[in-house]
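So the chains spell out like this:
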Amino acid sequence: MQNGIHPPYGPVVFRDKAGGFAFLTRSTAVSDKTVEWEDGRTYPVVDVEISSQSHPFYTGTARVLDTAGRVERFERRFGVSR
């Protein structure tokens, strides 16, 4: 790696505002806000709107859209377009 062209890489806490979940990882993300973590140290915190703890796909609350039914309804209404 060349010196001076890469952003600083260090520990950052990502906090999910919707799920009340936070995790510590390493990232190049920067933030002016800080939070005291479980180990007693202070880390920069980045607030995110959604993570795997609150996303419907990962929590199992996702709705399945009936795309086949919509295509058939369109073809019935406007004729087959093939």
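Whatever comes next refers back to the structure up there.
Below is a summary of the structure that appears in this document. Remember, predicted model here, so these are calculated numbers, not experimental data.

### A look at the overall build of the protein
Looking only at helices and strands, the protein features two helices and four strands. N-terminal to C-terminal, the α/β element order of the protein is β-β-β-β-α-α. Within the protein, residue pairs in contact and separated by at least 24 positions form 32% of the contacts whose partners lie at least 6 positions apart. Total accessible area on the protein stands at roughly 7,000 Å², and carbon and sulfur atoms take up 52% of it.

### Details of the packing of aromatic side chains
The tally for this structure, following the rule as stated, stands at three aromatic pairs. When the ring of Phe21 is compared with that of Phe23, the centres are 5.8 Å apart and the planes differ by 35°; the resulting orientation is tilted. Taking the relative accessible area as the measure of exposure, Phe21 reaches 27% and is therefore partly exposed. Among the residues examined, Phe23 registers a relative accessible area of 34% and is labelled partly exposed.

What counts and how
Residues numbered from 1 in each chain as written. Predicted model: local features only at pLDDT ≥ 70, side-chain atom pairs only at ≥ 80, totals over all residues. Heavy atoms only, no water. Helix = DSSP H or I, 4+ residues; strand = E, 2+ residues; numbered from the N terminus. Contact = heavy atoms within 4.5 Å. Areas by Shrake-Rupley, 256 points an atom, 1.4 Å probe, with all protein chains shown as cover. Phe/Tyr/Trp six-rings, centres within 6.5 Å; stacked < 30°, edge-to-face > 60°. Buried < 20%, exposed > 50% of the residue type's maximum accessible area, 1.4 Å probe, protein only.

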